[in-house]
Amino acid sequence: MDIIQTDIAIIGAGGAGLRAAITLAEANQKLRIALISKVYPMRSHTCAAEGGAAGVSKSDDSLDCHFEDTVGGGDWLCDQDAVEYFIKEAPRELIQLEHWGCPWSREQDGSVAVRPFGGMKIKRTWFAADKSGFHILHTLFQTSLKYPSIQRFDEYYALDLIEDDGRCYGLTALEICSGQIKHFEAGAVIIAAGGAGRMFQFTTNGAIKTGDGMSLAYRAGVPLKDMEFIQYHPTGLPNTGILLTEGCRGEGGILINKDGRRYLQDYGMGPETPVGKPALKTMELGPRDRLSQAFWHEQQKGNTLSTQWGDCVLLDMRHLGEKKINERLPFVRDLSISYLGMDPVKDLIPIRPVVHYCMGGIHTDINAATPLLGLFAAGECACVSINGANRLGSNSLTELLVFGRRAAMSAIACIQSIPRLGNKAALTAKAEDSQSRILALVHKSRGSETISGIRKEMMQTLEEGAGIYRTGESLSKTCEKIAELRHRYTSIALNDKTKVFNTELLQALELSSMLNCAEAVAVCGRDRKESRGAHQRLDFTARDDTNFLKHTLAYYHPKDPPRIEYLDVVITKSRPGVRDYSGVRK
Amino acid sequence: MSERQIQIEVLRYNPETDIEPTIQAYTVSCLNEWVVLDALNYIKDNLDATLSYRWSCHMAVCGSCGMMINGEPKLACKAFIHEYSDRIRVEPLVHFPIKRDLITDIEDFIAKFASVKPYLIPKEKRPISDGEYQQKPEDLLKFKQYTLCINCMLCYSACPKYGLVPEFIGPAAISIAHRYNQDSRDGGRHHRQEIIASSEGVWECSFVGACSEVCPKHVDPAGALQQVKLASTIDWYREHLMPWVKK
Amino acid sequence: MGKKMNKNSYIREVPRASWFLKQPRYIRYMAREVTSLFIGAYTLMLVIAIKRVAEGPDAFQNFLEILYSPLGILFNISTLLAALYHSTSWFNVTPQAMPIQWGEEFVSGRIIVGAHYIIWIAISILILVFGV
């Protein structure tokens, strides 16, 4: 097996991975940096983020206000020390991106423009029309090309972390174009491999978001944290799950049910605000969990519109006018016309909630460090946690930057201070094991299960058991089903035995990652007997701060369901309170 | 929702087993609202797990799924089945080597893209503490269009010049250089000029215009290249006819 | 057809002589390029005309007779058509090569192209009315 020696290996080349790589390259040009990704950097799913990135920059705003919005939005499950750090660093990171050329939308005076976003009391979301993530990703990728020390390994799929005696010493990865497995020896590893939304059938997430990074850490003994919290974005196109940004509502779009009523006022997010004059932090600018839950209730009441793609409500942007839509929401218009045949300038757009984001992920501390020495994580795959039980829109793009950088700085400190004395023979043996595991999977001759079959059943059971509203019973069923699917997974065999671009092998590995994450979602959800943020239980409808003001930690077991532990939430200055989105000013 | 039996003919090639690419046909019952990518996914899941292709976002922004569809470079996620007859031919993007099936080798593009210094070289350095550069909406408009490139490489497949002269730096790479040249914050034009104004650069372009016709994001690379030519020509005249005028 | 570059990739070669037959847009491009041959030939004809004028009235009269012959007329008509195609195809792409920004908007391509046509027609009329 080829050995590639590097100082710091980064898995994932989206927003967080690229930000980490640039931080490393700028800190010390002699550092050898391996940026490993299963796709070319510009394919990473950061590119699909639309609305924007939050950070305090205007004179009417304050760090405290962004803090309160974020912690309340997260239903007090956020670690408040991490949120404070995040909010303090956010403006710096957004300006840094501007200095690298990011084409942020501008005010007439030439300063960066901000737009309103759900759950935020002040306009603080920086945006580049409605392709903010796309521009952030491309700005970072293009900037990374300045640094020769960033060595990219595009289209390498990370297989296993190589650890010994409680410290991470690198990883193995599959070179997809050749089918060869490489052993990356590294002093530290940063995982920035994105979320796992593809566990669900109806999702905004791209095909690549299969929880590989989460599973990688999980299998190495690092717990996954708060996996039960899955964010449904309230406005997805009903046929494809394509995202229509929260910016639609930020710019003044409204949601109505089949009778034309702005139903959000009936779910604690009113009174109604004038059409075209969105008020912050109420009605359509409430948080995503509340909006998606309101949809569910409307559906129960029969107030939704029945379409060929299922039940929908309507997003009305017609009053914004063609000029504003073209300027602020050109992508939304293009997507609606292309994929649904409807033009937001003239038509009401049917939408329904769609799986969008994993609040949970690899357990890290405020330094982006995991409990495994030498292993760090940032971005959607990680759970710091600044998002708590419900992420506010536009905090995650900023999170990529702040914690991508933080992970890099921590990794540097790690390789400087902690000696790198792995047992060579043991590490080599682990790398060989990893290779054998893959070869065995490829060459297994007979199987009774198919990848697509198991994947379909996984999606179905998650949809049924771990949707917007859950019950103990539905979650238990899902737990059982996923345990069964994990078992049945061992009976798959590949049709494709070749080496070059064996995408069937990749699908098999991705399915395994998703099953691991899915089981954590279901088990953590089953055991959290309360309703908080995006985790709503019909059998435990209230928030229970006495027993569950805690993070759930799921520890991997190769055959059995995960072991669950709990960890106290860090509270610095905000005691759990009532989430008020009524728009009434105190 | 109406369904239609469609014959999807895919160019298959596996370097480990094939000497030459061959066409393989699959019959797929397609919903009329599907895109070609949905049909490929159907084949992959139900008919032939060995079929290989790249894809991710399914919303025309990640740039992964560029391929030839009935001879035209397209994103498979934005090629709607209802726009085609009952036979659809799918091949890997032309002008790129085939690695396997619909997957091409794009390293040549990646290297060229990097070579044009596609990053901001600031006119004047500014510390973070001084905040953002001021940039008026009209300054942003000057280059905004050229930031929209998703690197899908349809333009390279459409460009006959790139097919005939593989050294040509090509539409997307020169457009991104132009994007930074046009940015009011940037002062790096002369650094990029030696690369993009070379003979393998913009002067290989004879303005066929095919790149702009196929661009799914309306970046108009052909326009960018002509603007670079014009600016380079003005440079030349300045230098040779008016050497006393400083740049 | 094609060839293997190395053991891992397959290159489809572009046919050197017939590549432009593959797509209508390539044919249109080639047509635009070919029109320049007609314009070149017409320029050559003008040079010959000047030479004939210098040689005296008889020579020029001979030259005119050749022009009035069916072949001469055919040449002129085809050159005129080629020149029209050449000019319009270039006019239509000027907004791409020379975009004009007016504040926060680009001037519509139609206006830029339209201005070209108007100037062209105006000059043509001037020459037709006053030039001969």
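Structure's up top.
Criteria and cut-off values
- Residues numbered from 1 in each chain as written.
- Chains lettered and ligands numbered in written order.
- Predicted model: local features only at pLDDT ≥ 70, side-chain atom pairs only at ≥ 80, totals over all residues.
- Heavy atoms only, no water.
- Helix = DSSP H or I, 4+ residues; strand = E, 2+ residues; numbered from the N terminus.
- Pairing = 2+ DSSP bridges.
- Contact = heavy atoms within 4.5 Å.
- Axes fitted to C-alpha atoms, helices over the stretch in contact; angles between N-to-C directions.
- Buried < 20%, exposed > 50% of the residue type's maximum accessible area, 1.4 Å probe, protein only.
- Parallel < 35°, antiparallel > 145°, perpendicular 65-115°, else oblique.
- Left-handed = near helix turned anticlockwise from the far one by under 90°.
- Nonpolar A, V, L, I, M, F, W, Y, C, P; charged D, E, K, R; others polar.

Caption draft 1: How the structure looks around unusual backbone geometry. Looking along the chain, the bond that leaves G270 of chain A and enters P271 of chain A is cis, with omega of 10 degrees. Inspection of the secondary structure assignment puts P271 of chain A in the loop between β14 (254-256) and α7 (288-301). Backbone torsion omega between V384 of chain A and S385 of chain A reads 10 degrees, so that peptide bond is classified as cis. Even without glycine at this site, H58 of chain B takes up a positive phi of about 60 degrees. Within the secondary structure, H58 of chain B is located in the loop between α1 (36-47) and β3 (66-69). Even without a glycine there, the phi angle at M153 of chain B is positive, about 70 degrees. Structurally, the position occupied by M153 of chain B is in the loop between α3 (137-144) and α4 (154-158).

Caption draft 2: Inspection of the sheet that holds strand β12 (residues 224-225) of chain A at higher detail. Residues and elements named next belong to chain A. Here we have 5 strands laid out as an open sheet, ordered β20-β18-β12-β23-β24, and mixed in their pairing. For this open sheet the edge positions go to β20 (382-383) and β24 (563-568), each flanked by a neighbour on one side alone. Sheet strands touched by helix α5 (residues 212-219): β12, β18 (361-363) and β23 (550-555). Its angle to β18, the strand with the most contacts, is close to 35 degrees. Sheet strands in contact with helix α14 (residues 503-527) are β12, β23 and β24, and its direction is about 60 degrees off that of β24.

Caption draft 3: Structural detail: the pairing of strand β11 (residues 188-191) of chain A. Residue and element names in this part refer to chain A. Taking every second residue as pointing to the same face, both faces of β11 are buried, with A188 and I190 on one and V189 and I191 on the other. Bridge count for strand β2 (residues 8-11) against β11 is 4 bridges, and the pairing is parallel. What sits directly across from I11, in β11, is I191. Sheet analysis places β11 next to strand β19 (residues 375-377), joined by 3 bridges and oriented parallel.

Caption draft 4: Local environment of the packing of helix α1 (residues 15-27) of chain A against helix α4 (residues 132-144) of chain A. Residue and element names in this part refer to chain A. Remark: α1 packs on α4, axes separated minimally by 9 Å, with the N-to-C direction vectors making an angle of 30 degrees. Here α4 runs roughly parallel to α1, going by the angle between their axes. Note on packing geometry: the crossing formed by α1 with α4 is left-handed. Within the contact between the two elements, α1 uses G15, L18, R19 and I22 and α4 uses L137, L140, F141, T143 and S144. Its residues placed into classes, the contact of α1 with α4 shows 5 nonpolar, 3 polar and 1 charged.

Keep in mind these numbers describe shape, not what the thing actually does.
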